[in-house]
Amino acid sequence: MFYQKNLPRRERVLRVLAGLLVIVVALSLPLAGWARGLIVVSAAAFLFFGLIGFCPACAMVGRKLDAKGKK
């Protein structure tokens with residue numbers, strides 16, 4: 001891949017679970033169309049970055065994993 005993973009495994013799992021939870025809650029609440037869409041897209045991005053193990057914001061501040069894959 002073209003990126004260096006910068007998220008430890010436990011944080012990746014938490015991001016995936018949080019993304020799924022937010023998507024389910026946003027789809028079940030009576031929100032306006034654009035608000036629901038914005039929340040779902042944001043949660044999907046959080047879910048995506050959890051799945052691939054790379055966070056652009058963490059990369060911008062220089063966060064890196066050690067050789068064992070932990071911070």
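Nothing here was measured: the structure is a model prediction, and the numbers come from that model. (Residues numbered from 1 in each chain as written. Predicted model: local features only at pLDDT ≥ 70, side-chain atom pairs only at ≥ 80, totals over all residues. Heavy atoms only, no water.)

Visitor: Any chance you could break down helix α1 (residues 9–28) for me, citing the residues and the numbers?
Guide: For α1, which comprises 20 residues, the first-to-last C-alpha distance of 29 Å matches the rise-based estimate of 28 Å (1.5 Å per residue) to within 8%. Every buried residue belonging to α1 is among Glu11, Arg15, Val16, Gly19, Ile23 and Ala26, and all of these are buried. An end-on view of α1 places all buried positions within 140 degrees of arc, on one side of the element. Of the exposed residues in α1, the ones pointing more than 90 degrees away from its buried face are Arg9, Arg10, Leu14, Leu17, Leu21, Val24 and Ser28. (Helix = DSSP H or I, 4+ residues; strand = E, 2+ residues; numbered from the N terminus. Expected span 1.5 Å × (residues − 1). Buried < 20%, exposed > 50% of the residue type's maximum accessible area, 1.4 Å probe, protein only. Arc of directions from axis to C-beta.)

Visitor: Give a detailed account of the confidence of the model for the chain, specifying residues and quantitative values.
Guide: Interpretation of this model should avoid reading the predicted coordinates in detail wherever pLDDT is low. Averaged over all residues, the pLDDT of the chain equals 87, while 92% of them reach at least 70. Confidence, expressed as mean pLDDT per element, reaches its minimum in the chain at helix α3 (residues 56–60) with 86 and its maximum at α1 with 94. (pLDDT = per-residue confidence, 0-100.)

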